[in-house]
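# What the coordinates show
Residue strings, one per chain:
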Amino acid sequence: MNFFFAALGVLGVASSGPLIAATLGATSVSALAIAFWRNAIGAAVMATPTLVREPRQFGRITRREFRWSSLAAVALALHFACFITSLQLTSVAAATALVCLQSAWIAVFQLFRGTRHRWQVLAGLGIAFGGVVAITGFDLGTSPQALTGDLLAVAGGALAGLYTLAGGKARQSMTTGTYTTLCYGMCAALVAVLALFAGQPLAGFEPTGWLGIAAITVCAQLVGHTAFNHLLATMSPLVVSMIILLEIPGAALLAAVFLHETLPGGTYAGLGLILAGLAVVVLGQRNAGRRGRAPKDEPPSERLAELGAD
């Protein structure tokens, strides 16, 4: 059964990039509309059981919890804006791999906060960011537009790392349902404001556009992340984090099959370096946690890099 949920989770998160690219390319749906609806629907889905079982949870949110949730929501809104826009400019494979640097960025942020990582983590960071140089270098030589998309995806990964760290602080005293409802809801509101200033509509799309939004929300937001949340209850976070890394080759494969996306050899080499580097980072952080080198006051989301914000 775990294998089934793992396969379902990988397929769900890996389909995010190809589905978004296909929807943006074939319909009038805007990038911010996708970000708005997947978060608005996600907030509604997560709020329902909490409102039924413990409606008073929302009235007990403290100022500290609200501040960290707000920071997480801002980071998540900007993450989606960067990542989804990048899919209009660069390849699905490159955008997915670069945004999955979330775990590497978490390790970098921890360095600035004084965390001393083991040499394996630092080596993994070097390998992963070497992959970034390979991908952006090839795109620089072929298309300035693709390079812009690459940089937006890198920014999206950094913002996803910030989202995870801020969410980890909020989750120290909040339930999953309360936190995700508050964070997704505020994120949707922020994206709506961004869409207003950017002049991007949030409604009025053709049926195929709404179908694309529904597919993205169900596959990536609900099925993919729900499957991995289930696995965290039955498998170690290390194994789950390693399984989630399959999103990178999974997205590239889906884009090649369904979108007929072809990439230069150097880009594939960059994807491989990022995948290998992130695996080393995750393993290094896990080993550090076992040896007691991770700060004891940090939640698991800060000690072990979590993926899948996209």
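Now for a look at the structure at hand. (Residues numbered from 1 in each chain as written. Predicted model: local features only at pLDDT ≥ 70, side-chain atom pairs only at ≥ 80, totals over all residues. Heavy atoms only, no water.)

## Overview of unusual backbone geometry
The backbone of His-260 shows a phi angle near 55°, a positive value even though the residue is not glycine. Position of His-260 among the secondary structure elements: in the loop between helix H12 (247-258) and helix H13 (265-290). Take His-260: its relative accessible area is 66%, and that puts it in the exposed class. (Helix = DSSP H or I, 4+ residues; strand = E, 2+ residues; numbered from the N terminus. Buried < 20%, exposed > 50% of the residue type's maximum accessible area, 1.4 Å probe, protein only.)

## Here's the deal with the nonpolar core
Residues Ile-84, Leu-101, Ile-274 and Leu-278 are the most contacted members of the largest nonpolar core, which totals 68 residues. Leu-101 has contacts with Ala-128, Phe-129, Val-132, Ile-274 and Leu-278, leaving out every residue within four places of it along the chain. (Core = buried A, V, L, I, M, F, W, Y, C linked by side-chain atoms within 4.5 Å. Contact = heavy atoms within 4.5 Å.)

## A short note on the environment of Tyr-163
Mapped onto the secondary structure, Tyr-163 falls in helix H8 (residues 144-170). Through-space distance from the C-alpha of Tyr-163 to that of Ser-69 is 8.9 Å; in sequence the pair is 94 residues apart.

## Some words on the environment of Ala-97
Positionally, Ala-97 belongs in helix H5 (residues 92-99). Residue class for Ala-97 comes out buried when judged on its relative accessible area of 0%. Among residues more than four places away in sequence, those in contact with Ala-97 are Ile-248, Leu-271 and Ile-274.

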